[in-house]
Structures are given as C-alpha cells and as structure tokens.
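# Secondary and tertiary structure notes
Listed below are the residues making up each chain.
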Amino acid sequence: MIRLLIVEDDTNLSFLIKRKLEKQGDYIVETAIDGREGLKAIAAFRPDIVVSDLEMGDGMDGNTMIERIRETKNDIPIIVLTGKMEFLKQSGANMYLKKPFNVQQLDLNIKSMLQQKGIGTESDNTYKIGKFTFDTSARRLILGDEEIRVTPTGAKVLEMLCREMGKCVDRKK
C-alpha cells in the first residue's frame, strides 16, 4: 500500500483525488488543508509520497512547506499540483503537474516516482504475523499453501495494525 499525503486547500479536489486513488486499493490517503497541517501529517502519518498544491488560503503555502521538509534533510518524494506556473520556485519538489490533470496521470507519476526511489519493494509490502504472511500490495494473507484474499478496506485496516504492532491503536485511526 502506498501511503499518500495530499496537501490541498480545495477540499473538494482533495476528496476527489483521495476517493479515486483509494478505490483502486493501492493507497492509504491522508489529507491536509495547508502547509502547517501538512508538516504535522508528515510527522504523524509518515507518508511514502506527498502531493501538494502551492497556493493555499490563509495557512502556510506549498513552497514554504516543501522548503521546511527539505531543511530537515527529508528526501520524501513530492509532486506539486499547480494551476499557476508563476507560483513555482525551486523549493525542492521532485515533479510538477499542471492543473487541470487527471487522476490516472497522477497515479502513474506517483508509482513511477516511488519505483525510481526504491519505495514499495516487496519487503516494504510484506508483514509477518505469527505463521501468516500479509502481502499488502496483493492484498492477500498467506499460511503455507493457503491464500486468503483481503478486501481493500480490510487490507488498509490490517496494514495499519501491522505497522502499529505492539501498540494500542485508537479506534478513530
């Protein structure tokens, strides 16, 4: 599963992207409405990749957020979505997509960038649970020769529980 953070002040757009990508079953998506929330979400959610707008309402803009991320030596891949190319500056984003865009294009860019960075390899997507092996990318639970297919929602819950193994997990999470 790809852990994606969307930082976008247009809640309708972020909801649409989140819904379409989660529907595929390959993503766990969190959203933030500005750069400040984005920085908090990076620390708490630990995404594999960030997709961010640049120009955001009253909060911290995307360029500033990206600069702060890079100041901490965090090399997390970042894709910027923007409708106004004049807001771009060399902030350290890995890729830029001009609005309007389609979600399939974004999906391909995310997966390509993660593959180039070596994120999402088999070892990153597999958890050992007692005698079981859980393969998050294929959404299957394996015991010996027996394989159980897991629903997309079930896979998200199981992966979250695997990541938090040994910890108490809040029901809201």
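Residues numbered from 1 in each chain as written. Predicted model: local features only at pLDDT ≥ 70, side-chain atom pairs only at ≥ 80, totals over all residues. Heavy atoms only, no water.

## So, the overall build of the protein chain
For the protein chain, the count of helices and strands is five helices and nine strands. What you see in the protein chain, going N to C, is helices and strands ordered as β-α-β-α-β-α-β-β-α-β-β-β-β-α. For 173 residues, the compact-globule estimate of 2.2 N^0.38 gives 16 Å, and the C-alpha radius of gyration of the protein chain, at 17 Å, lies within 12% of that figure. Charge-centre separation for the protein chain: the mean point of 28 positive side chains lies 3 Å from the mean point of 27 negative side chains. (Helix = DSSP H or I, 4+ residues; strand = E, 2+ residues; numbered from the N terminus. Rg over C-alpha atoms; globule rule 2.2 N^0.38 Å. Lys, Arg positive; Asp, Glu negative; His and termini not counted. Charge placed at Lys NZ, Arg CZ, Asp CG, Glu CD.)

## Describing the nonpolar core
Formed by 19 residues in total, the largest nonpolar core has its most connected members in Leu4, Ile17, Ile49, Ile79, Leu81, Leu106 and Ile110. Elements with a minimum of two residues in this core: strand S1 (2-7), helix H1 (11-24), strand S2 (27-32), strand S3 (49-53), strand S4 (78-82) and helix H4 (103-117). No other element matches H4, which puts five residues into this core. Of all hydrophobic cores here, the second largest spans 16 residues; its members include Leu5, Ala32, Met56 and Ala93. (Core = buried A, V, L, I, M, F, W, Y, C linked by side-chain atoms within 4.5 Å. Buried < 20%, exposed > 50% of the residue type's maximum accessible area, 1.4 Å probe, protein only.)

## Let's talk about the environment of valine 169
One can find valine 169 in the segment after helix H5 (152-163). According to the relative accessible area criterion, valine 169 is partly exposed, its value standing at 24%. Other than its neighbours up to four places away in sequence, valine 169 contacts Met160, Leu161 and Glu164. (Contact = heavy atoms within 4.5 Å.)

## A word on unusual backbone geometry
Generally, phi is negative for residues other than glycine and the peptide bonds are trans, each holding for most cases. Residues lysine 99 and proline 100 are joined by a peptide bond in cis, for which omega reads -5°. Mapped onto the secondary structure, proline 100 falls in the loop between strand S5 (95-98) and H4. Despite not being glycine, arginine 46 shows a phi value in the positive range, around 55°. Position of arginine 46 among the secondary structure elements: in the loop between helix H2 (35-45) and S3. Arginine 46 gets classed as partly exposed once you look at its relative accessible area, which sits at 47%.

## A short note on the packing of aromatic side chains
The relation between two aromatic rings is expressed through the spacing of the ring centres and the mutual angle of the planes. All chains considered together, the criterion is met by zero aromatic pairs. We note arginine 3 situated over the ring of phenylalanine 45; from NZ or CZ to the ring centre the distance is 4.1 Å. (Phe/Tyr/Trp six-rings, centres within 6.5 Å; stacked < 30°, edge-to-face > 60°. Lys NZ or Arg CZ within 6 Å of the ring centre and 35° of its normal.)

## Structural notes on the sheet that holds S5
Sheet strands line up and pair through hydrogen bonds in the backbone, either parallel or antiparallel. Strand order in the open sheet formed by five strands is S2-S1-S3-S4-S5, with parallel pairing between adjacent strands. Bordering the open sheet on either side are S2 and S5, each of which pairs with just one other strand. Averaged over neighbouring strand pairs, the angle between their axes works out to 20° when direction is ignored. As defined by bridge partners, S1 adjoins S2 across six bridges and the pair is classed as parallel. Each residue of the ladder has a partner; that of valine 7, found in S2, is alanine 32. Of the strands in this sheet, S1, S2 and S4 are in contact with H1, which crosses S2 at around 170°. (Pairing = 2+ DSSP bridges. Axes fitted to C-alpha atoms, helices over the stretch in contact; angles between N-to-C directions.)

Fair warning: the whole summary comes from geometry, so function is off the table for now.
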